[in-house]
Amino acid sequence: MKIDARHIAGFIAGVLFVTGLVSLFSGSRKSSAIKIERIGEEINLSCVCCGAIKPDQALFWALVDRGVPPRIVDAVGKSLSSVLDMRKIYPGDRYMLEYSPAGSMKRFELVRSPWERYIVSPNGSTLVAIKDTIPLTRTVFAAEGVVKNTLW
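Here the structure is a predicted model, which means the values were calculated and not measured.

**What to know about the overall build of the chain**
- Along the chain, the regular secondary structure elements total three helices and six strands.
- Element order for the chain, N to C, with α for helix and β for strand: α-β-β-α-α-β-β-β-β.
- In the chain, which comprises 152 residues, the proportion classed as buried is 30%.
- Restricting to contacts in the chain with at least 6 residues of sequence separation, those with at least 24 account for 44%.

Shown next as structure tokens:
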């Protein structure tokens, strides 16, 4: 079997991905998981940073502590503040940030609950933030009857 640049790049990316997953699940402060997309002969690498907000921690510091460049974090924060009061980010809120090693942001998600999440994605040269919610409805049920037999 011939080993060429694609095999080496795939091996290195695989090692970096596993290293990132181990550091993510072991509680390491730095996370550098790598996502690989192959388009023809071109390999696109993405850095993926996932985690949850801790008590007394701002989103900015949560991402910077994971190794995300402050320039990307600042751009995400400015865009996100158009749809969310940044002071309303609470411990337990989960986030996922995907960006290129060159420093361009690809996607950011902040999940507050199963029915509320915020997404920031690039649209041309600007970042656009949206609030994605699932509408909830409340239904009240009542039951009525007579107990004919008990265990007592």
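**Notes on the packing of aromatic side chains**
- Under the criterion given, the structure shown has one aromatic pair.
- Considering the side-chain rings of Phe60 and Trp61, the 5.0 Å spacing of their centres and the 90° angle between planes classify their relative orientation as edge-to-face.
- Using a relative accessible area of 31% as the deciding quantity, one classes Phe60 as partly exposed.

**Side note on the environment of Val111**
- Counting through the fold element by element, Val111 comes out in strand E4 (residues 105-113).
- A relative accessible area of 17% places Val111 in the buried class.
- Residues Val111 and Gly92, spaced 19 residues apart in sequence, show a C-alpha to C-alpha distance of 9.2 Å.
- Sequence-distant contacts of Val111, that is, excluding residues within four places in its chain, are made with Asp93, Arg94, Glu116 and Arg117.

**Some remarks on the pairing of strand E6 (residues 126-133)**
- Here eight bridges tie strand E5 (residues 116-123) to E6, and the two strands are oriented antiparallel to one another. Paired with Arg117 across the two strands is Asp132, which belongs to E6.
- What sits between E5 and E6 in their antiparallel hairpin is a turn of two residues, with Gly124 showing a positive phi close to 75°.

**Some points on the pattern of salt bridges**
- A complete count under the given rule lists seven salt bridges for this structure.
- Lys78 is the salt-bridge partner of Asp74, the closest N and O atoms lying 3.5 Å from each other. With Asp74 and Lys78 both in helix H3 (residues 70-80) and four residues apart, the pair spans about one turn of that helix.
- Residue Lys78 is classed as exposed on the basis of its relative accessible area of 59%.
- Across the pair Arg112 and Asp93 runs a salt bridge whose closest N-O atoms are separated by 3.0 Å. One end of the pair, Arg112, is in strand E4; the other, Asp93, is in the loop between H3 and strand E3 (94-99), and 19 residues separate them in sequence.
- The class for Arg112 is partly exposed, based on a relative accessible area of 22%.
- One network of salt bridges, with partners in common, ties together Arg107, Glu109, Arg117 and Asp132.

**Digging into the nonpolar core**
- Counting residues in hydrophobic clusters, the biggest one holds 23 residues, and the most contacted among them are Leu63, Tyr95, Leu97 and Phe108.
- When residues of this core are traced back to their parent elements, those giving at least two are strand E2 (42-52), helix H2 (59-65), H3, E3, E4 and E5.
- If sequence neighbours within four positions are ignored, Leu63 has contacts with Cys49, Val68, Val73, Tyr95, Leu97 and Phe108.

**Some remarks on H3**
- Within the sequence span of H3, burial applies to Ile72, Val73, Val76, Gly77, Ser79 and Leu80. Within H3, the buried residues cover an arc of 165° as seen down the axis, which keeps them to one side. Opposite the buried face of H3, by more than 90 degrees, sit the exposed residues Arg71 and Lys78.
- As for H3, its buried residues are in contact with H2, E3, E4, E5 and E6.

What counts, and at which threshold
Residues numbered from 1 in each chain as written. Predicted model: local features only at pLDDT ≥ 70, side-chain atom pairs only at ≥ 80, totals over all residues. Heavy atoms only, no water. Helix = DSSP H or I, 4+ residues; strand = E, 2+ residues; numbered from the N terminus. Buried < 20%, exposed > 50% of the residue type's maximum accessible area, 1.4 Å probe, protein only. Contact = heavy atoms within 4.5 Å. Phe/Tyr/Trp six-rings, centres within 6.5 Å; stacked < 30°, edge-to-face > 60°. Pairing = 2+ DSSP bridges. Salt bridge = Lys/Arg side-chain N within 4 Å of Asp/Glu carboxyl O. Core = buried A, V, L, I, M, F, W, Y, C linked by side-chain atoms within 4.5 Å. Arc of directions from axis to C-beta.

These figures capture arrangement, not role.
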